[in-house]
Amino acid sequence: MITARAFKASDAPGMRWDVERVRKDFPALDQQVHGKPLVYLDNAATSQKPQAVIDALVGYYSRDNANVHRGVHLMSERATEAYEGARVRIQRHLNAASAREIIFVRQATEGINLVMATFGRSFVGPSDEIVITAIEHHANIVPWQMLCEEKRAALRVVPVDDRGDLIMEEYARLLGPRTRLVAITQVSNALGTVTPIKEIIRLAHRHQIPVLVDGAQAVPHHQVDVQDLGCDFYVFSGHKTFGPTGIGILYGKETWLERMPPYQGGGDMIKAVTFEKTIYNELPYKFEAGTPHIAGAIGLATALEYIAGLGLDRIGAWEHGLLAYGTELLATVPGLRLIGTARRKSAVLSFVLDDIHAHDLGTILDHQGVAVRAGHHCAMPVMQRFGVPATVRASLAFYNTPAELETLASAVQKALEIFR
Amino acid sequence: MSELRELYQQVILDHNRKPRNFRTLEGANRRAEGYNPLCGDQITLYLNVEDGVVKDAAFQGKGCAISMASASMMTGSVSGKPEAEAVALFRRVHAMLTAEPTGEVAGDGLGKLAVFAGVREFPSRIKCATLAWHTLQAALSRAAEPVSTE
């Protein structure tokens, strides 16, 4: 039984957060699974979509659908205006210096691969080094491994301590004259660790080393200001931040983007083509070959405005309260061990039970309506570091409630009963 | 909850807690690795096959309750069987696990192995139950590569 204290107002100080009203914005939350009310705690995998985003997609396809940057007709002008308007809205959300620095990609993964293929192939050579960390998602490991293999460069990995915090002394030691790039997450998807990203960037810049930040788990929860961070590249995915799948953002400092070759060849990324020579388009179009995901761009801009409208400070405070409450509730479960207890943590509860494998627990939770991720979370090196094959991960969003965390904890108790 | 009880029957929980034949096999002449990347289930299967008969079977590995119980019971049921019968058993278990949930339960005559019939109600878990059997098939056909459920 749940013995922890009840959720108190002081868990989220100064908050007036009408979570039930917020939940009404998300139609997918209002459903039953296996005959139980859905408790959606898999937000780090993908988030649900507010009606405003769904309406933006429907509105675009119902009224404005046309190709961009080429038509002389009115619908194409409207589509172009909406698409480029979305770029500016996203630029403002991230406080980028210019809309030319906002490149539409498919998701964070493609953003990283773009930087690998263009920046990496241009500026990384034999015996050069790329620094990543032990808590990266596979998307921020594998592209760099591929590059290192191709260029005979070396991958250097910043270790983490038993809480899941980066060991900053080791990081500082890894930076050197051969380091060509630091590629690092702002928030770990598997552990919830919030890395000291400004300090990481400051140290790298002391050596004139550019920094790519994987913000896939940061943008849904925190206000991100790329100029304040000072990062050289920043990537995130739309679908994890309440927007559509298949759209993401690569922010890059104009000075770097100008020096990098194009990513893919095709329409839209060119100014003039002859069989002898092609003149590439200017930024940001140089990096956007082919017809883009127009609806996705509009949906993403709408999603970012939606969370900005709720207030990212307020979102952060509510989630912080949920995390504290959920941590206490899970601490009452016998044999439960939290994996990832970083000093600064995002709303992720990753855990293992002594006698129940994560995959069995995931199935049992699912049948009580609780959707979690069970597995390695595309971060197998993290699992290896903590000596577990897999964890169960409950990842929260601002629409989650204290009552849902109580359902999670009692569902885990039920699993213990089944396995007794 | 009744569906969950159907999946996690006492027999399965017991084999998970105390897997039978959980050891390396001295003098094994067949060996295969099985891996389920979705949840990280991993087993190494050892067989001693003489004159076309599986004289002994053992395994080691780690994974979820379904995969461990399945490997434990599989090794128990193929020991002493001619290879052809072991392969036939693989086919029948596979048919039972992958049958349409609404169809006839094809567990008749499978004896204790019929406890896995409930797994087909849980599509994401079928691979956990079939892993040991796919590994058996690989070991019998002398496949050198690790088998994967993907």
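Not measured: the values here are computed from a predicted model. (Residues numbered from 1 in each chain as written. Chains lettered and ligands numbered in written order. Predicted model: local features only at pLDDT ≥ 70, side-chain atom pairs only at ≥ 80, totals over all residues. Heavy atoms only, no water.)

Student: Break down the overall build of chain B for me, citing the residues and quoting the values.
Tutor: Across its full length, chain B holds 5 helices and 4 strands. Going residue by residue from the N terminus, the α and β elements of chain B occur as α-α-β-β-β-α-α-α-β. In chain B, which comprises 150 residues, the proportion classed as buried is 48%. In chain B, 59% of the contacts between residues at least 6 apart in sequence involve partners at least 24 apart. With the model as given, the accessible surface of chain B reaches about 6,800 Å², and the carbon-plus-sulfur share is 51%. (Helix = DSSP H or I, 4+ residues; strand = E, 2+ residues; numbered from the N terminus. Buried < 20%, exposed > 50% of the residue type's maximum accessible area, 1.4 Å probe, protein only. Contact = heavy atoms within 4.5 Å. Areas by Shrake-Rupley, 256 points an atom, 1.4 Å probe, with all protein chains shown as cover.)

Student: Explain helix α5 (residues 126-140) of chain B to me, using residue names and the numbers behind them.
Tutor: Residue and element names in this part refer to chain B. Look at α5: 22 Å from first C-alpha to last across 15 residues, which is about the 21 Å you get at 1.5 Å a residue. Of all the bends in α5, the largest measures some 30° and sits at A132. Among the 15 residues that make up α5, 12 are buried, leaving the element largely enclosed by the rest of the structure. The set of residues buried in α5 consists of I126, C128, A129, T130, L131, A132, W133, T135, L136, A138, A139 and L140. Just downstream of α5, R142 is the residue with a positive phi angle, here 60°. (Expected span 1.5 Å × (residues − 1). Bend = angle between axes of the 7 residues up to and from the residue.)

Student: Quick rundown of the interface of chain A and chain B? Include the residues and the values.
Tutor: Taken together, the contact between chain A and chain B spans 15 residues of the former and 22 residues of the latter. Put simply, chain A and chain B have 1 salt bridge between them. The closest approach of N and O atoms between R125(B) and D360(A), which form a salt bridge, is 2.8 Å. Taken together, chain A and chain B are joined by 7 residue pairs in polar contact (both at pLDDT 80 or more). Broken down by class, the residue content of the side of chain A that touches chain B amounts to 5 nonpolar, 6 polar and 4 charged. (Salt bridge = Lys/Arg side-chain N within 4 Å of Asp/Glu carboxyl O. Polar contact = N/O pair within 3.5 Å; in protein donor to acceptor, adjacent residues only side chain to side chain. Nonpolar A, V, L, I, M, F, W, Y, C, P; charged D, E, K, R; others polar.)

Student: Please provide a residue-by-residue account of the side chain of S395(A), values included.
Tutor: All names here are of chain A. With respect to the helices and strands, S395 occurs in strand β17 (residues 391-395). Reaching out from S395, the side chain makes a polar contact with the backbone nitrogen of A44 at a distance of 2.7 Å. Ignoring sequence-local partners within four residues, the contact set of S395 consists of L41, D42, N43, A44, A45, A347, V348 and N400.

Student: Mind laying out the pattern of salt bridges, listing which residues take part and the relevant values?
Tutor: Per the stated rule, a full pass over the model turns up 27 salt bridges over all chains. The shortest N-O distance in the salt bridge between R30(B) and E83(B) comes to 3.6 Å. You can see R30(B) sitting in strand β1 (residues 30-36) and its partner E83(B) sitting in helix α4 (residues 83-98), a full 53 residues away along the chain. Here the salt bridges do not stand alone but share partners, grouping E84(A), R87(A) and E288(A) into one network.

Student: I'd like a rundown of the state of the cysteines, residues and numbers included.
Tutor: All names here are of chain B. In this structure the tally under the stated criterion is 0 disulfides over all chains. Here C64 is not cross-linked by a disulfide; its sulfur's nearest cysteine counterpart is in C128, at 3.7 Å. C128 sits in the buried class, given a relative accessible area of 0%. (Disulfide = S-S within 2.5 Å.)

Student: Before we move on, can you summarise the sheet that holds β17(A) with the specific residues and values?
Tutor: Residue and element names in this part refer to chain A. Pairing is antiparallel across the open sheet formed by 4 strands, whose spatial order is β13-β14-β17-β16. Here the strands that pair on one side only, and so sit at the sheet edges, are β13 (336-338) and β16 (373-375). Neighbour-to-neighbour, the strand axes of this sheet turn through a mean angle of 30°, independent of strand direction. Relative to strand β14 (residues 348-353), β13 runs antiparallel, the two sharing 3 bridges. Looking across to β14, one finds that R337 is bridged to V352. Helix α11 (residues 312-331) contacts β13 and β14 of the sheet and is inclined by roughly 10° relative to β14. Against the sheet, helix α12 (residues 358-366) contacts β14, β16 and β17, and its axis sits at roughly 40° relative to β17. (Pairing = 2+ DSSP bridges. Axes fitted to C-alpha atoms, helices over the stretch in contact; angles between N-to-C directions.)

Student: Just give me the short version of empty space enclosed by the protein, but keep the residues and values in it.
Tutor: All names here are of chain A. Inspection of the entire model under this criterion finds 2 cavities of 30 Å³ or more. Taken together, N43, A44, S47, Q217, P220, H221, K240, F242, L396 and A397 form the lining of the largest cavity. Residue classes in the lining of the largest cavity are distributed as 5 nonpolar, 4 polar and 1 charged. The residue inventory of the lining of the second largest cavity, partitioned by class, reads 5 nonpolar, 5 polar and no charged. Inspection of the lining of the second largest cavity shows a minimum of three residues originating in each of domain 1 (9-30 + 311-419) and domain 2 (53-309). (1 Å grid on protein atoms, 1.4 Å probe; cavity = no way out; pocket = protein on both sides within 12 Å on 5 of 7 lines; lining within 4 Å. Points joined across faces, edges and corners; volume = space filled by probe spheres on them. Domains from an automatic or database assignment.)

Student: With reference to specific residues and values, describe the packing of aromatic side chains.
Tutor: Residue and element names in this part refer to chain A. All chains considered together, the criterion is met by 18 aromatic pairs over all chains. Ring geometry for F119 against F233: centres 5.7 Å apart, planes inclined by 70°, an arrangement best described as edge-to-face. Remark: F233 occurs in strand β9 (residues 233-237) and F119 occurs in helix α4 (residues 108-123); sequence separation between them is 114 residues. Take F119 and F233: they sit in the same class, and that class is buried. (Phe/Tyr/Trp six-rings, centres within 6.5 Å; stacked < 30°, edge-to-face > 60°.)

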